[in-house]
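Take a look at the letters that make up each chain.
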Amino acid sequence: MRAVVILLVILGICALWTIPLVWVLMSPNNPYATALLITTSILEAPIIIILVLKGMWTPIARQHPVQPLADDAITRRFQSFSLGIINMGWSIHASVDDRHLHLEPVRPLRWFGAIPMSIRWEDLSKLNRNGKSVYMTGGHRLVGPAWCFELLKARKTDEQG
């Protein structure tokens, strides 16, 4: 699915955006060319966002369905995460409880197709030295704030000790 999404994004950028760009470059004072380039850019951005989120974020989120938060969960809003090539700076409401790392995209991203997920601690491994990057089951790299992975770090220490 990732390859299809990447291919569609590349084709969209190449075909739909390049033609008006070349027209503007060849006749810079043409208001129609400029208007077409601006219109194409405005219309293309949401399509690319939807394709990337539906093709890359959603399949991973479906593997980790949303679970209820524990009463003692710690929540911080507007956190920055990246999952693979998807970078969601200040766009995730993150919650941590004893069973899961809960990631809920902000409302505008949910409009574009990003769905919430709850990742079990057992599905996370290989915490890096600075405590901000882990690998999920399936090989997906998740980068986020160190406070989110403190419980994972404590679990790994308990298992080793």
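Structure's up top.
Remember, it's a predicted structure, so these values are computed and weren't measured experimentally.

Enquirer: Can you tell me about the pattern of salt bridges, naming the residues and giving the values?
Expert: Under the defined criterion, the tally for this structure stands at 3 salt bridges. Note that glutamate 104 is salt-bridged to arginine 110, the shortest N-O span being 3.0 Å. For glutamate 104, a relative accessible area of 36% puts it in the partly exposed group. In this structure arginine 110 comes out as partly exposed when scored by relative accessible area, which is 28%. Across the salt bridge formed by arginine 120 and glutamate 122, the nearest N and O atoms sit 3.8 Å from each other. Judged by relative accessible area, which is 41%, arginine 120 ranks as partly exposed.

Enquirer: Just give me the short version of the packing of aromatic side chains, but keep the residues and values in it.
Expert: Per the counting criterion, the structure on display carries 0 aromatic pairs. Cation over ring: arginine 76 sits above tryptophan 147, and NZ or CZ is 4.6 Å from the ring centre. Seen from the ring of tyrosine 135, lysine 126 lies directly overhead, with NZ or CZ sitting 5.9 Å from the centre.

Scoring rules and cut-offs
- Residues numbered from 1 in each chain as written.
- Predicted model: local features only at pLDDT ≥ 70, side-chain atom pairs only at ≥ 80, totals over all residues.
- Heavy atoms only, no water.
- Salt bridge = Lys/Arg side-chain N within 4 Å of Asp/Glu carboxyl O.
- Buried < 20%, exposed > 50% of the residue type's maximum accessible area, 1.4 Å probe, protein only.
- Phe/Tyr/Trp six-rings, centres within 6.5 Å; stacked < 30°, edge-to-face > 60°.
- Lys NZ or Arg CZ within 6 Å of the ring centre and 35° of its normal.

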